[in-house]
Each structure stands twice: as C-alpha cells, then as structure tokens.
Amino acid sequence: MSAHKFQVHLGGLIDLLSHHLYSGPEVYVRELLQNAVDAIAARDDAFDPRIDIRLDHGPDGPRLHVRDNGIGLTEDEVHRFLATIGESSKRGVDAVRKEFLGQFGIGLLSGFLVSDHIELYTRSAKTEDAPVIHWRGHKDGTYEVGHDPDRTAADFAAGTEVILTARPDAHALLDVDTVVGLARHYGSLLEPPIVVHDGMAAHPINDEGAPWRQPYASPGQRREALLAYGQRVFNQRFFDAVPLVSSAGHVDGVAFVLAHSPSLAQHRADRAYLKGMLLSDRVDNLMPEWAFFVRGVLDVRGLRPTASRESFADDDALDLARDELGDCLRRYLTHLEQHDPERLTRLIAVHHLALKALAADDDESLRLFIDYLPFETSLGRMLFRDIRVKTPHIAYTPNLDAFRQMAAVAAAQGSCIVNAAYAYERRLIERLPAVLDGITVQEVDAASLLESFGELDLDERDLFADFLAEARHVLATRQCEPALKRFAPTNLPTLFADNPDAAFVREVERQQDEGDDLWSAVLDGVAAERARAMPKAQLVFNLNNPLVERLLTVDDPALRQLSIQTLYVQALLLGHFPLRPDDLRLLADGMIGLIEFGLDAHARWVQ
Amino acid sequence: MSEDNPYDLLSQARAMPEKSEARLLLAERAAKLFEAEGQLDGAFDAHDEACDAACWSGHPDKMILHTSWMLKKHDEHPDRFDEFILLWRYKWCVAELPGFPAIGRDKIEDMLDDCGRRMLGFDPAGEAIKKIRFWVARMLGDEPGAHDWAQQWRAAEQGIISDCAACEMDNEAEYWLWKGELERAEAAVGPVLDGRRACAEVPHRTYARFIVPLWRAGRTDQAADWDRTGYRLVHKHPKMVGSHAHHIVYRVITGDLDEAVARLERVAGLGLSYPQQMTRLCFLLATRAVLGALADAGRDEVALALPGALSEDGRVDVNAALAQVRNQIEELAEAFDARNQTRTIGDLARSDDPVGAVERFPMP
Ligand SMILES: Nc1ncnc2c1ncn2[C@@H]1O[C@H](COP(=O)(O)OP(=O)(O)O)[C@@H](O)[C@H]1O
Ligand SMILES: [Mg+2]
C-alpha cells in the first residue's frame, strides 16, 4: 500500500460553497469587507484606517478593487494563508483580543462566485521595507505569486488590494448601485471609513454611523429619527422605537414596536450586526421570547454566532444579554405606564398577547400591567381593571368548550367567567392571588356552574321523578345524565354541560361507530383510564323555561320521550358537538314522531 | 372572525404558539365543525393540526385519536391525502401504545404489523419499524426481544421515513446508554452537542439522558455542565416529562434538594397526570425520589404545590404524599406487569433505588 493525498476539485468545491455555505453570490462584498476590517484590526501601529472600493473597466470586463491599509501579507504568509483553503491567520490568542470577524479561512473563496480570478496586491505593514507581492488565484485551483515590479513600496502603502473581474453572468453584481447597496447593507455600522468610487463620484458607505448612537436635540427628534431608520430597514411603519443596551454580550441597538400584532407562530427575526458587520436579518434567539411585539436592530460585540448565522450560541452570556435587553423593554413599558398611559393603552390594544406572555412569567410586570390587559369573559371583552371592580373573586375556565357552554348562562346570571383557554391566560390568572392583595381566583367548570342553579324542592322532585327516569333511559348509552334545575336565561330549554373525560370517551366511541376492529380495541385501551371514572356530561332541563314546564305536565309518555330526544340532539347542535350516527337517528325519529303527533292533533281538531 | 367558522378557528389555531393547549383546542373545535359540515379536506387539515398540537402539548392520547381518524379517512379515499406525513404520525403513535397498559400485547403486535406494512414503500428494509419494535419490546419488559430487534434494526438500511438526523443520533446514543456504553453513546451525538444538528427536541432530551450516567462514571463536572445546559433547554417544555424526570433525579443524587423540589413543582401538574402511563410512571419515580430524599433529610412538611390530593394549600405532608405516590406506582406497576406478562417494569418500579429506576426506565 502507498500513501496518497486527497485531491480536491476546486471548481466543484466552489459550486458547493456557493449553493450551500453562502446564501447567494452577493455575499462576496461581505467577505471582502470583512477581510479588510480584520486586516485593519490586526495592525497595532498608529494610522488612519480606511477602506476604498473602486469600480472600473479592465481588459476582461468590469472590475472591483477593494483597498485597505491594514496589516497586509508577507510573501510567506501569502503562501500559507492564500494557497490553502481553510487556512486562516485569525486563530489563536491574538485573534480573541483583536476580535476578528473571519476565522474559517474560506471567505476569500466567495470571490469566485462572481469572478474567475482573484487578484491581490499586498504589502506587509510588519516591516518597513516589505515588497509588494502580487498573487493571482484561479477558479481551477492554480495560483501564481510574484513580486510586482510596477508597484513599488513608494506608491503602494502597506495594506492589500483585492481585485475581482466580473464574469459575464455577474456583471450586474459589480454594478455601482449594487455594490453601494451591498456595501451599505453589510457595512453601514463598520468603523473604518468606507467609500465606493465610481469614476469621479464618491459614495460614502458608513459616514452616518449607528443612528441610535447619535446625539439628538430632543427626545422627540430622536424618536423621529429612529422610526425613520426602522422604516428604512424593515420597510414598515412602527409604533415606537426603544433604545436597547446590554453590558452582557456588549449589545446595543433599537427595538421597534410593531404597529400590528404578529402571529405567535411566527419566528423571531431580528437584524443583528456582529461587530458592525451585518450577520443576519433573521436572528431568532437574542431577544426574550415574550418580546414578539418588537423587531430589533442590534449590534453585538461579545456573543458567539452559530454556524447558521441565525442564532447566537446558547450560553450564560446570551442568557444575561437577553435578560438585560428584556429589562430595557420592561423599563420602556413602565415609563409609559407612569408618564404616557394613553400610549400604553394604545400599545396594549395591539400587543396584549405579548404583554400577557411577559406578565405570565414576571410578577413585577403582572402587577404593573394587569389592569390594562383585556380578557374575554361571559360578559364580553373586558379590561382586567373592570373585571376586578365587578368582583375580586375571579372565576375562570381553561377549557374553551366549557367556556362556550357556560358563557350564555353565566351572562344571564350576571356572573363574569373569564375565558382562560388561550395561550397565557391560565398562568396569568393562576398567579394573580400571589401577586395582588385581595384577589382570589377559582377554576369553574360547567358542573360547578350547575351547582349555583336553583334546585328542585322535595315535592317537585317527587313530581318529576318519572320524567327524569325517562330521560335517563333515552340518554342511557350516551355518557350523559339528565337533571332538572331552574336557571336563567329562561329562553334556554336545556344546557349540555360537558366533561372533558366524557368528551374524550364519546369521541372514541364516535370513531368506533365507524368500524375497524383493530383501532377499536386500541382506542378502548387508550381511553380505558378515563372511562374507568365513568365520567358523565349533563343535560340540564331548565324548569324556568316555558316549554320545559309544559313538557313536564304532558302525560303521554311517547310524546315526552320524543321531546326529550329531540331536545338532547338540539342541545348538542347548539354546542357544536359532533353527532354520532345514532344521534342523527334519534333526531330523525324525534322529528318525524313529533310531526305525526302534530298531524294527529290537527286531525282531531278538524273533526 | 367567528367562532363558528371552522376556517377562522383553524387559522386561529395556526397562529397560536406551537406547544400551547389553545392550539389543540382550537384545532379540535375546527375539526368538529368541518366534520359537521361534511367538509372532508378541511376536517383532515384540522385533525392534522390537532394531532400535531396534541403531540407538542403533552396529549399523546389525543394524538392517537386524531391519527386513527386520519388513517381511516385515508383508507376510504386512498389518493386524497399526503400519506407520508400521515405515516410519520402513525409511527409516533405506535411507539406510544405500550405506554397504555390497557392495550393488550396482541393489539400492539397487530398495530406494529399494520404500520410496518404501510411504511414498506418508504422503508423497504423496515428500519424504522424495527427500531420501534426495539423500543416496544423494552416497554413490554421483553429484554431478549429487545436485543433481537436491536440487532435487526441496526442491520437494516435506512429508508426515507426514518427520523430527522438529530433524532437518529439521539436514538443512537440512547441505544448505547441502554447497552451501558457511555463513550460510544457520547461519540454518537457529537454533531448534536456542538449544534450542527438540532430539532425541536434534540439536543434537549439528549443532555437529559446523559447526566446521571456521567455522574455515575465519576465525570461530575461534565454532568453538572450538561445538567445546566440541558435544563435550560427543557425547562420551558413541560411536555418532555421523561427528560424532566432525569433532571429532577440528578439533583436528588447530587444532594441539591432545593433545586430538585423547584424542578418537580414546575412540571408536576402534567407529569403526575400524564395520559401515557409509562411516562407517568417514570415521573412518579422521580417524584418518589424527591419525597424520599426529603423524608430522609427529616423534613415532614415542605411548601410545594403538587396536583390533586398530594398537597394542600401549597404544602406537602412528605410522608403522606410518599405513601400516596408509592401506591400509584404500585398500581401502575401491577397493570404493566399484568399486560406484559413479565415483571421487568414492575421490578424496576418497585426497586429501592428510584434514581436508578429512572435512569434505566425505557424512555426512548
Ligand atoms: N485584505 C486582507 N488583508 C490581509 N490579509 C488578508 C486579506 N484578505 C485575506 N487575507 C488573508 O487570507 C486569509 C484567508 O482569508 P479568508 O478566506 O477570508 O478567511 P478568514 O477571513 O476566515 O481567515 C486570511 O486569514 C488572511 O490571512
Ligand atoms: Mg474572511
């Protein structure tokens, strides 16, 4: 056996990189700027850093020159760092101190996304008399190095110039507007002055700096300027702009309060710069989860991005930074609460979900904002401050179906039940007593509501025992128990009060009705534990309802039975409960029977 | 927007946080309304949404119910729905079945056959179903069967219905931990731990399964580190009951009862009533470990809110609660042994070392 070295087919590798590693060919601008900035950071002596990008036409097409006055490269270094893919001068102790942006040693390759050759002139700043080195790399993996007799140390100050020549399919990417746009996109927050030169025209890229770091004449002006900036960056109007700063992770920036409420299912997408260089527009884990009412623009100096460029590494520093950024938002909301409650009210009208998410996990915020938060209740949508005026004993249900069943009845009794079925309500309400003095909370279900209804007296019990027995008979196979009570509203003949376990068992039976032995047995097993408790829903007849009252006095058992079964199915329909085939049969039989009764009565009357 | 319009309800559901119960309830309600209106496609979408929501919010029983509905409709209308996603869901369901002791062995076997047959087109070598059979065998307390299926699973070539790359690596680690080979387990999850591979539950549950074995191997610094990192990931996902059990017992063996109690309290509501009883049993063992350690430390009472009759006004009578938890464990242990016709699960659950029991509990 003999040892051989892997051969890498550079052309194939470049294609791979351009399709998988880089989001698109435009990142070549980012990589070149990044190298220039790193080269400047690597230089320790005193000098005025600058980066000049020049566009012109060479013999083979449009060209782009990126010139920096950074550290440059010696001939040795050229061989070491430019000839080997994956080699980088930015690893090691020095790298940490100088906060380099690159480290993987693959950035320069991105030049091949737009150009078949990468050309580079460089002169090291490490020694006075360093020569100018000329390097030309080709897409097929070959390169040449030499001294350039035309460029002498006298007319080429220390630093590097990288030259790309646009391939025919990439002309548009080297167009002046595109280059200026991309340079601003990636580099508007970088420190060394960057200028794009196109003939006589000069386009400054980063002369304005981060708008949140500028002084303004008044808070109002500051707000206006930031809002205008947010609109430029995200192409949408915002409700407000909140400055952000965190000493952990060295983060600063602005949070823009959205003018509409976002979908909770949407992922966070903040724009983050890493040491001034755009990292991504879709960073998802820098701001706290509950802060989904804002979109941020942040510059991060002390956190590590993951390889995807869309998150930061999940470590203690990130946790601390996220907390500090959260505190900035909390302070903003607190400030509104104290100085601009009108604006807070408008904000909450749009973002109550986010505020609920925050308050559900944070007692201080709960205390502060609870009064402003709206809830769905049996009496309609109400702010918490109005609910607590009505009663300090808050009744709630975490079950959407139960809420729907109870709402009308509870409203008729004037009682307020809060719908806590949505994302944060339940936790929020359950935390109330611990945070607010004098507030108690109680979970209610349909059954507990029934307890508040008027019971029959002993005579009535006696009188209606037969009716209940009949009803029980009709409902025997339906996990449902009949009852008779008095309640409002009087126009409601029955109330179907469900029980979650019974609902599950009913659902299982409904599916078993449709056959399929295999699943039938399995579903039995899945439902076994719930079924063992023999849970029952209740069909409550309302004695206050005139129709029910009359029904109780009918002495024809057949008519009573038909009425009971029809009322049962009607109650299911009203509550949007799914009907089983035999429910439908019950309804059909009931209707036909009642029509026949009507016709018979009519016939008798005509006679 | 109307609460009687299934389309509105379904889009409301989709706008809810992925793991919220609200998403499940809204989707279920939409499904009912679609069904009532006889709209099959809408109903299918809503059941699918509900199925997914049930999975993420800790309702495996509902996940099974919705999946069975979809499978039935799929069989009635063979080319109408996306079979791939459906089989994916089916696969998850089958793996949950042994967790319900009321489902007999023969029925589980039938389901495995049915599921394997349906997946053949996507998984010609049966790799996915063999892996599930390996887990099922362990949940049935059938150790020889588990070894046998493990061999077959590992010899089979992967089809396109195998789990995501991150889950595959996590499964691999779980396998090696089951074999007691910590180093190989670790080697299997390298890309998961350095962030190159991830999904909704990995590396979350990956860290959890390693911490107690690491601690036992004397690698206490690493165990502590992974406990912190892993708990940071799972603490907001109460649904990952099994992982929570590991993070809880880890704090019991390291003697940090304050943190163990806080962790228990955070998820006890779901953990102690978890519908899938094998997972619940595992959580009960973790609860027993905490209460036992409190009793050993001479605490008769602690301020700790547990669901049901285990606590009153946020206080737990340690010895009374311990007795109750032991009863519940015994009941489940008996139910599983009776169904399994082995004593493996029962013996594990009754062992004097609840921490070890959690560590060895079949929780793929
Ligand atoms: N403008 C430049 N000035 C000095 N050195 C440079 C410049 N551009 C590239 N280099 C050298 O080339 C190496 C490879 O660059 P690159 O492929 O972008 O990888 P990285 O930036 O990750 O190190 C760098 O490490 C550096 O040594
Ligand atoms: Mg670079």
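Just so you know, these numbers come straight off a predicted model, no measurement behind them.

Enquirer: Please provide a residue-by-residue account of the overall build of chain B, values included.
Expert: What chain B contains, in helices and strands, is 19 helices and two strands. Taken against the 2.2 N^0.38 rule, which gives 21 Å for 364 residues, the C-alpha radius of gyration of chain B at 21 Å falls within 12% of a compact globule. Projected onto the principal axes, the alpha-carbon positions of chain B cover approximately 65 × 50 × 45 Å. In chain B, which comprises 364 residues, the share counted as buried stands at 60%. The long-range share in chain B, meaning contacts at least 24 apart out of those at least 6 apart in sequence, stands at 64%. Of the accessible surface of chain B, which amounts to about 14,100 Å², a share of 47% is contributed by carbon and sulfur atoms. Averaging the locations of the 44 positively and 62 negatively charged side chains of chain B gives two centres separated by 2 Å.

Enquirer: Hey, could you go over the sheet that holds strand β4 (residues 133–138) of chain A for me, with residue numbers and the actual values?
Expert: All names here are of chain A. Across the sheet, eight strands lie side by side as β5-β4-β3-β6-β2-β1-β7-β8; this open sheet has mixed pairing. Strands at the two margins of the open sheet, each flanked by one partner only, are β5 (143–147) and β8 (201–204). Mean inter-strand twist for the sheet, computed between neighbouring axes without regard to direction, equals 15°. Docked against the sheet, helix α2 (residues 27–41) engages β1 (51–58), β2 (61–68), β6 (159–166) and β7 (194–198), running at close to 25° with respect to β2. Strands in contact with helix α3 (residues 75–83) are β3 (115–123), β4 and β5; relative to β5, the strand with the most contacts, it is inclined by about 165°.

Enquirer: Quick one: what's the story with unusual backbone geometry, residue by residue and with numbers?
Expert: Geometrically, the link from Ala488(A) to Pro489(A) is a cis peptide bond, its omega value of -5° lying close to zero. Between Val202(B) and the following residue, Pro203(B), the backbone shows a cis peptide bond with an omega angle of 10°. With respect to the helices, strands and loops of the structure, Pro203(B) is situated in the loop between α11 (190–193) and α12 (204–216). At His250(A), a residue that is not glycine, the phi angle is positive and equals roughly 45°.

Enquirer: Tell me about helix α8 (residues 143–155) of chain B, and please be specific about residues and values.
Expert: Given 3.6 residues to a turn, an α-helix orients residues that are three or four positions apart in the same direction. Residue and element names in this part refer to chain B. The end-to-end C-alpha separation of α8 is 19 Å, in line with the 18 Å expected for 13 residues at 1.5 Å each. Three or more residues of α8 are buried, namely Gly 145, Ala 146, Ala 150 and Trp 153. Taken down its axis, α8 places every buried residue within 135° of arc, on the same side. Among the exposed residues of α8, those oriented more than 90 degrees off its buried face are Pro 144, Gln 151 and Ala 155. The backbone nitrogen of Gly 145 lies 2.9 Å from a side-chain oxygen of the residue at the head of α8, namely Asp 142.

Parameters and conventions
Residues numbered from 1 in each chain as written. Chains lettered and ligands numbered in written order. Predicted model: local features only at pLDDT ≥ 70, side-chain atom pairs only at ≥ 80, totals over all residues. Heavy atoms only, no water. Helix = DSSP H or I, 4+ residues; strand = E, 2+ residues; numbered from the N terminus. Rg over C-alpha atoms; globule rule 2.2 N^0.38 Å. Buried < 20%, exposed > 50% of the residue type's maximum accessible area, 1.4 Å probe, protein only. Contact = heavy atoms within 4.5 Å. Areas by Shrake-Rupley, 256 points an atom, 1.4 Å probe, with all protein chains shown as cover. Lys, Arg positive; Asp, Glu negative; His and termini not counted. Charge placed at Lys NZ, Arg CZ, Asp CG, Glu CD. Pairing = 2+ DSSP bridges. Axes fitted to C-alpha atoms, helices over the stretch in contact; angles between N-to-C directions. Expected span 1.5 Å × (residues − 1). Arc of directions from axis to C-beta. Polar contact = N/O pair within 3.5 Å; in protein donor to acceptor, adjacent residues only side chain to side chain.

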